[in-house]
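Here are the chains, one letter per residue:
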Amino acid sequence: MVSQGRPVIEAKGVNLVFQTADGPVQALKDVNLTISQGDFVSFIGPSGCGKTTFLRAIAALEHPTGGTLTVNGMSPDEARRKRAYGYVFQAAGLYPWRTIAGNIRLPLEIMGFSRAEQDERTDRVLELVELKGFGKKFPWQLSGGMQQRASIARALAFDADILLMDEPFGALDEIVRDRLNEELLKLWARTGKTIGFVTHSIPEAVYLSTKIVVMSPRPGRITDVIDSPLPKQRPLDIRDSREFIEIAHRVREGLRAGHHDE
Amino acid sequence: MSALWLAVVFWLAAWALNVWLAGSRVSKSGPGRALVPLIFGVTVLVLWEGIVRGLGVEGVILPAPSVIAAKIAVEMPTLWQDFVQTILKGAIPGFLIGAGAAFLTAVAIDRSPFLQRGLLPVGNFVAALPIVGLAPILVMWFGFDWQSKAAVVVVMVFFPMLVNIVAGLQASERMQRDLMATWGASYLQTLVKLRLPAAMPFIFNGLKIASTLALIGAIVAEFFGSPVYGMGFRISTEVGRLGLDMVWATIAVAALAGSAFYGLITLIERGVTFWHPSQRH
């Protein structure tokens, strides 16, 4: 592992304006944020606060109209071409004509890995997300939770240092979500990746993150950045602890404050 | 008259049998499913035979199925020669060239918004031209033999294929395209690994429509000049000589060929788009 704490994603005065039919919409206003190697950063806020837009800008799926944004010291576009990150969307987005293993192999095919390495990596990540033995199934033969795990495996397969996740468990029920959150933390501990995670659930953000970024809408901006004092090892029942409740309270206050200035 | 009554009795019996079959467990199995339409088809033929014989219908108006079958048996070499000329040399090459050209055009349109605005209306315009106007011109250009028939088929097949492929190439979801972008995929990789597979249900719809158009185009084009064989030539000359049994024999061959062509495309479709909700069982 490279020196812990090296800045990976740096945003300085990032602005992003969408030109829409109703005139310009300021999706991000003056966003400053540094994400370090190995951080688990959650972005939380009501819809329209720009959390997804910011994540997409990191992935070079949107382009800031002002300020500077760097990923590993490069522009997001360069970082994308260097395959610096894996991206997990809200829906699994698996291709129905490919098996689960075929879906996980797809980015590896595109990136030109050898056939042997494709197989080896596919097997490894299938095991990592506990889908061993499901490689030959088609996506539509699996439950929503399993599909989402497969899409995480796909994002992990090419071993990028950064994992960007846009409400990956938003469409799943609470029980499945708890389990996947727990598994995600274990995976993060095992791999030491830097994770950017968009959510609108306060408990999810507090439970997962080392850093919580609270955002508010119109225009989308950061209102609070909370460094979590919780330990790296987090059993599910840490959510009943006092620190947990205090952080959740601060996040809620931050969200409410953002709402007041409208 | 007894032939008519026999046919009606057969019809009622077959009807009752089919009602029973459709409700029973036999119709759930593979061969059982084929049995019901088969019985229905046979019933139509028997009724047809009975009505023509029972009422003494003139052969020029409607020949009996047995007469048509006898004609097919006797004229097999001629029918085969016509089939080769019209289907194998006219319809199928025209179908392949038209579909292939539509595919290349669709990809070009996809890459360039300028072409999308320019080529689609032109394609639409060509598709709106009546075939009876177009066919004689193409016969003048490409001669009496199969080349001009293939050319007519190309023109008929091109536009429905183009529209379907262009729509199909837009069928992938934004998220799926974003995923390709996050992996740094090239245009060609995105086309081959995402957009073409996603377009397949559309492409096969186009192919099915085009298969019937190809048959019509190849036959009708022969009305405007052809060598002394071919299915369209046969139909137009035999009508002139009141050889309606031969006309019906040719129609039967055309119907069989068309169904086989369509069925083949449907089979391939089932294999290629097995993942699509409409094909999952």
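Residues numbered from 1 in each chain as written. Chains lettered and ligands numbered in written order. Predicted model: local features only at pLDDT ≥ 70, side-chain atom pairs only at ≥ 80, totals over all residues. Heavy atoms only, no water.

For helix α3 (residues 100-110) of chain A, the buried fraction is high: ten of the eleven residues fall into the buried class. Lining the buried residues of α3(A) we find α4 (115-128) and α5 (144-156) of chain A together with α8 (174-182) and α9 (187-221) of chain B. Phi for Gly112(A), located one or two positions after α3(A), is positive at around 80°. (Buried < 20%, exposed > 50% of the residue type's maximum accessible area, 1.4 Å probe, protein only. Helix = DSSP H or I, 4+ residues; strand = E, 2+ residues; numbered from the N terminus. Contact = heavy atoms within 4.5 Å.)

This structure, assessed with the given rule, holds 24 salt bridges over all chains. A salt bridge links Lys208(B) to Glu269(B), with the nearest nitrogen and oxygen atoms 2.9 Å apart. Here the residue Lys208(B) occupies a position in helix α9, and Glu269(B) occupies one in helix α11 (residues 244-272), the gap between them amounting to 61 residues. In terms of burial, Lys208(B) and Glu269(B) fall into one category: buried. The structure contains a network of salt bridges with shared partners spanning Arg56(A), Glu62(A), Arg174(B) and Asp178(B). (Salt bridge = Lys/Arg side-chain N within 4 Å of Asp/Glu carboxyl O.)

The subject of this paragraph is the sheet that holds strand β1 (residues 7-20) of chain A. All names here are of chain A. In spatial order, the strands read β2-β1-β4; together these three strands make up an open sheet with antiparallel pairing. Edge positions in the open sheet fall to β2 (23-36) and β4 (66-71), since each of these has one partner strand only. The mean angle between the axes of side-by-side strands here comes to 25°, regardless of whether they run parallel or antiparallel. For β1 and β4, the ladder comprises five bridges, and the chain directions are antiparallel. Looking at the pairing, Glu10 lines up with Thr70 of β4. (Pairing = 2+ DSSP bridges. Axes fitted to C-alpha atoms, helices over the stretch in contact; angles between N-to-C directions.)

So, about the sheet that holds strand β9 (residues 221-227) of chain A. Residues and elements named next belong to chain A. Pairing is mixed in the open sheet, where six strands are placed in the order β5-β6-β7-β3-β8-β9. With partners counted over all chains shown, the strands left at the sheet margins are β5 (85-88) and β9, one partner each. For this sheet, the mean angle separating the axes of adjacent strands, direction not counted, is 15°. The pairing of strand β6 (residues 162-166) with strand β7 (residues 194-199) spans five bridges and is classified as parallel. Residue pairing across strands places Leu163 opposite Ile195, the latter belonging to β7.

Opposite the 24 residues of chain A that make contact, chain B presents 19 residues. Summed over both sides, the interface of chain A with chain B buries roughly 2100 Å², with 69% coming from carbon and sulfur. Linking chain A with chain B are three salt bridges, by the criterion used here. Across the pair Arg174(B) and Glu62(A) runs a salt bridge whose closest N-O atoms are separated by 3.6 Å. Inspection of the region where chain A meets chain B yields seven residue pairs in polar contact (both at pLDDT 80 or more). For the side of chain A that touches chain B, the secondary structure elements donating two or more residues are β5 and α3 of chain A. Of the residues assigned to the side of chain A that touches chain B, the class counts are 16 nonpolar, one polar and seven charged. (Buried area = accessible area lost by both parts, 1.4 Å probe. Polar contact = N/O pair within 3.5 Å; in protein donor to acceptor, adjacent residues only side chain to side chain. Nonpolar A, V, L, I, M, F, W, Y, C, P; charged D, E, K, R; others polar.)

Take the domain arrangement of chain A next. Residue and element names in this part refer to chain A. Examined at the domain level, chain A breaks down into domain 1 (7-84 + 163-260) and domain 2 (95-159). Summarising the inter-unit geometry, the C-alpha centres of domain 1 and domain 2 are found 25 Å apart. Contact with domain 1, which involves 13 residues of that partner, is made by 13 residues of domain 2. Carbon and sulfur atoms make up 68% of the surface buried where domain 1 meets domain 2, a total of about 1100 Å² over both sides. Considering only the surface of domain 1 that becomes buried against domain 2, Arg83, Leu187 and Lys193 emerge as the three largest contributors, covering 38% of it. At the surface where domain 1 touches domain 2, the tally comes to one salt bridge. Secondary structure elements with two or more residues in the side of domain 1 that touches domain 2: β6 and α6 (174-191). (Domains from an automatic or database assignment.)

Once that is clear, we can look at the domain arrangement of chain B. It is common to give the size of an interface as the accessible area that goes away when the parts come together. Each domain of chain B was delimited in the assignment, giving domain 1 (2-57) and domain 2 (72-272). Distance between the C-alpha centres of domain 1 of chain B and domain 2 of chain B: 35 Å.

Moving residue by residue along a regular strand, the side chains alternate between the two faces of the sheet. All names here are of chain A. The alternating pattern of β5 places Tyr85 and Tyr87 on one face and Gly86 and Val88 on the opposite face, and all of these are buried. Bridge count for β5 against β6 is four bridges, and the pairing is parallel. In the strand pairing of β6, Tyr87 is matched with Leu164.

This part takes up the packing of helix α1 (residues 2-23) of chain B against helix α2 (residues 30-55) of chain B. Residues and elements named next belong to chain B. One can describe the packing of α1 onto α2 by two numbers: an axis separation of 8 Å at closest approach and a directional angle of 170°. The orientation of α1 relative to α2 falls into the category roughly antiparallel. The two elements α1 and α2 cross, and the hand of that crossing is left-handed. Taken together, the residues of the contact of α1 with α2 break down into 19 nonpolar, four polar and one charged. (Parallel < 35°, antiparallel > 145°, perpendicular 65-115°, else oblique. Left-handed = near helix turned anticlockwise from the far one by under 90°.)

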